[in-house]
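So the chains spell out like this:
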Amino acid sequence: MLFYFLRNFLKGSIKSCCNLNFISIFPKVLNILLYQKTVFLNVEKSLSLQIILKTKIMIQLHDKEFVPFISAQEIDFAIAKIAALVEDDFADETPIFIGVLNGAFMVVADFMRHYKSPCEVSFIKMASYEGTTSTNDVKQLIGLDQDLTGRTVVIIEDIVDTGNTLLALKELFKKQNVAHFKIATLFFKPEAYKQEVKIDYVGIRIPDKFIVGFGLDYDGLGRNLPEVYQLKD
Ligand code: IMP
Ligand code: MG
């Protein structure tokens, strides 16, 4: 199957091999080529063609290039780990998970699939990033619409960078009289973190470099990528 798929794919795109950089056009092939700097493809015996792709696969969003960084499988593993830890702590109550939009929508969806005990979900919308840089001004764009008195709240973040968003959230939830306030994040950049707020559940620690994919964007683009890419040097 794979052989025929690759053969047909290559027949169609052999003329424009340079386009292989733009893997968003070839999502199926992406999964196969990811993490391989050199890929040998025996296309067809009659053609005796062996193509060596020496280029590291990368994607372009707006004016910037990004290289593969974290696979969909690693992401799923990290989310399953967080869900199991939260479930260990709160399986005997009904916590409310609050996803921080826009970036956390994918994490929340997968987290909910892994979390098997009773729970509720809601969303809040915060924004602090402009392009690839964090601003200190965190805006609340959509607020909470329910009474959280006495509830266990678990904030679900896609990524914690400077921590400014977390600090703003902590201030916000102070006024809500919640019983427990916990924070879970899929990605954490320890080198960029500037706050004292404790992060209770961390999926993957990453260096202080801009990433896209799995909900994270660069000026609106890249959120739909199932894996994560890092800004190219
Ligand atoms: P913080 O307030 O600096 O911790 O940043 C929080 C928000 O900034 C995250 O929820 C993301 O939406 C965004 N952000 C931080 N780092 C990145 C990144 O590397 N790529 C894309 N968005 C990011
Ligand atoms: Mg976020």
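Residues numbered from 1 in each chain as written. Chains lettered and ligands numbered in written order. Predicted model: local features only at pLDDT ≥ 70, side-chain atom pairs only at ≥ 80, totals over all residues. Heavy atoms only, no water.

Asks: Can you walk me through the overall build of the chain in this structure?
Replies: Scanning the chain for helices and strands turns up 5 helices and 12 strands. In the chain, which comprises 233 residues, the share counted as buried stands at 47%. Total accessible area on the chain is roughly 12300 Å²; 53% of this is exposed by carbon and sulfur atoms. (Helix = DSSP H or I, 4+ residues; strand = E, 2+ residues; numbered from the N terminus. Buried < 20%, exposed > 50% of the residue type's maximum accessible area, 1.4 Å probe, protein only. Areas by Shrake-Rupley, 256 points an atom, 1.4 Å probe, with all protein chains shown as cover.)

Asks: Just to check I follow, could you spell out the coordination of the magnesium ion (ligand 2) for this structure?
Replies: For a metal with four tetrahedral donors the ideal donor-metal-donor angle is 109.5 degrees, while six octahedral donors give ideal angles of 90 or 180 degrees. Looking at the magnesium ion (ligand 2), one finds its protein donor set to be Glu157 (OE) and Asp158 (OD), positioned 2.2 to 2.4 Å from the metal centre. With a relative accessible area of 5%, Glu157 lands in the buried category. In this structure Asp158 comes out as buried when scored by relative accessible area, which is 7%. (Donors = N, O, S within 2.8 Å, 3.2 Å for Na, K, Ca; no water.)

Asks: Whenever I open this one, the sheet that holds strand 4 (residues 64-70) confuses me. Can you help?
Replies: Hydrogen bonds between backbone atoms are what pair the strands of a sheet, whose relative direction is either parallel or antiparallel. Pairing is antiparallel in the open sheet, where 4 strands are placed in the order 3-4-12-11. The open sheet has two edge strands with one neighbour each: strand 3 (59-61) and strand 11 (211-212). Across 4 bridges, the pairing between strand 4 and strand 12 (residues 228-231) is antiparallel. Residue pairing in the sheet places Phe66 in a bridge with Leu231 of strand 12. (Pairing = 2+ DSSP bridges.)

Asks: Which parts of the structure should I look at to understand helix 3 (residues 72-90)?
Replies: Three- or four-residue spacings in an α-helix give side chains the same orientation, since the helix completes a turn every 3.6 residues. Its 19 residues give helix 3 an end-to-end C-alpha distance of 27 Å, which sits within 8% of 27 Å, the value for a rise of 1.5 Å per residue. Residues of helix 3 that are buried: Ile75, Ala78, Ile79, Ile82, Ala83, Val86, Glu87 and Phe90. (Expected span 1.5 Å × (residues − 1).)

Asks: Explain the site of ligand 1 here, please?
Replies: The immediate surroundings of ligand 1 are formed by 18 residues, with Thr162, Gly163, Thr165, Lys189 and Ile211 found nearest. Measuring from an oxygen atom of ligand 1, one finds a side-chain N or O atom of Glu157 at 3.2 Å. At 2.8 Å, a side-chain N or O of Lys189 approaches an oxygen atom of ligand 1. Protein chains bury 92% of the 490 Å² of accessible surface belonging to ligand 1 in isolation. Mapped by element, the contributors of at least two residues to the shell around ligand 1 are strand 6 (120-130), strand 8 (152-160) and helix 5 (164-174). Considering each element in turn, the shell around ligand 1 owes the most residues, 4 residues, to strand 8. Of the residues contributing to the shell around ligand 1, the split by class is 6 nonpolar, 6 polar and 6 charged. (Near = heavy atom within 4 Å. Polar contact = N/O pair within 3.5 Å; in protein donor to acceptor, adjacent residues only side chain to side chain. Nonpolar A, V, L, I, M, F, W, Y, C, P; charged D, E, K, R; others polar.)

Asks: Honestly, a nonpolar patch on the surface in this entry has me stumped. Any pointers?
Replies: A contiguous nonpolar patch, built from Phe105, Val121 and Phe123 and spanning about 220 Å² of accessible area, is present on the exposed surface. Locating Val121 in the fold gives a position in strand 6. (Patch = residues over 30% accessible without salt bridge, like charges linked within 9 Å, V, L, I, M, F, W, Y side chains within 5 Å. Salt bridge = Lys/Arg side-chain N within 4 Å of Asp/Glu carboxyl O.)

Asks: Any chance you could explain the packing of helix 3 against helix 4 (residues 105-114) here in plain terms?
Replies: Remark: helix 3 packs on helix 4, axes separated minimally by 9 Å, with the N-to-C direction vectors making an angle of 55°. The angle between helix 3 and helix 4 falls in the class oblique. The hand of the helix 3/helix 4 crossing is right-handed. Here helix 3 contributes Asp76, Ile79, Ala80, Ile82, Ala83, Val86 and Glu87 to the contact with helix 4, which in turn contributes Val107, Asp110, Phe111 and His114. Across the contact of helix 3 with helix 4, the residue classes break down as 7 nonpolar, 1 polar and 3 charged. (Axes fitted to C-alpha atoms, helices over the stretch in contact; angles between N-to-C directions. Parallel < 35°, antiparallel > 145°, perpendicular 65-115°, else oblique. Left-handed = near helix turned anticlockwise from the far one by under 90°. Contact = heavy atoms within 4.5 Å.)

Asks: Would you explain the packing of aromatic side chains in this entry?
Replies: Remark: the centre distance and the inter-plane angle together describe each pair of aromatic rings, the angle taken between the planes. Under the counting rule described, the total for this entry stands at 8 aromatic pairs. Ring centres 6.4 Å apart and planes at 50° place the aromatic pair Phe66 and Phe210 in the tilted group. A residue pair is termed long-range when its members are at least 10 positions apart, and Phe66 in strand 4 and Phe210 in the loop between strand 10 (201-205) and strand 11 qualify at 144 residues. With respect to burial, Phe66 and Phe210 carry one shared label: buried. Considering the side-chain rings of Phe173 and Phe181, the 5.3 Å spacing of their centres and the 35° angle between planes classify their relative orientation as tilted. By relative accessible area, Phe173 is classed as buried at 2%. An aromatic cluster is defined as three or more aromatic residues linked by ring pairs; in this entry it consists of Phe66, Phe210 and Tyr218. (Phe/Tyr/Trp six-rings, centres within 6.5 Å; stacked < 30°, edge-to-face > 60°.)

Everything listed here is a matter of coordinates, which is why it stays silent on function.
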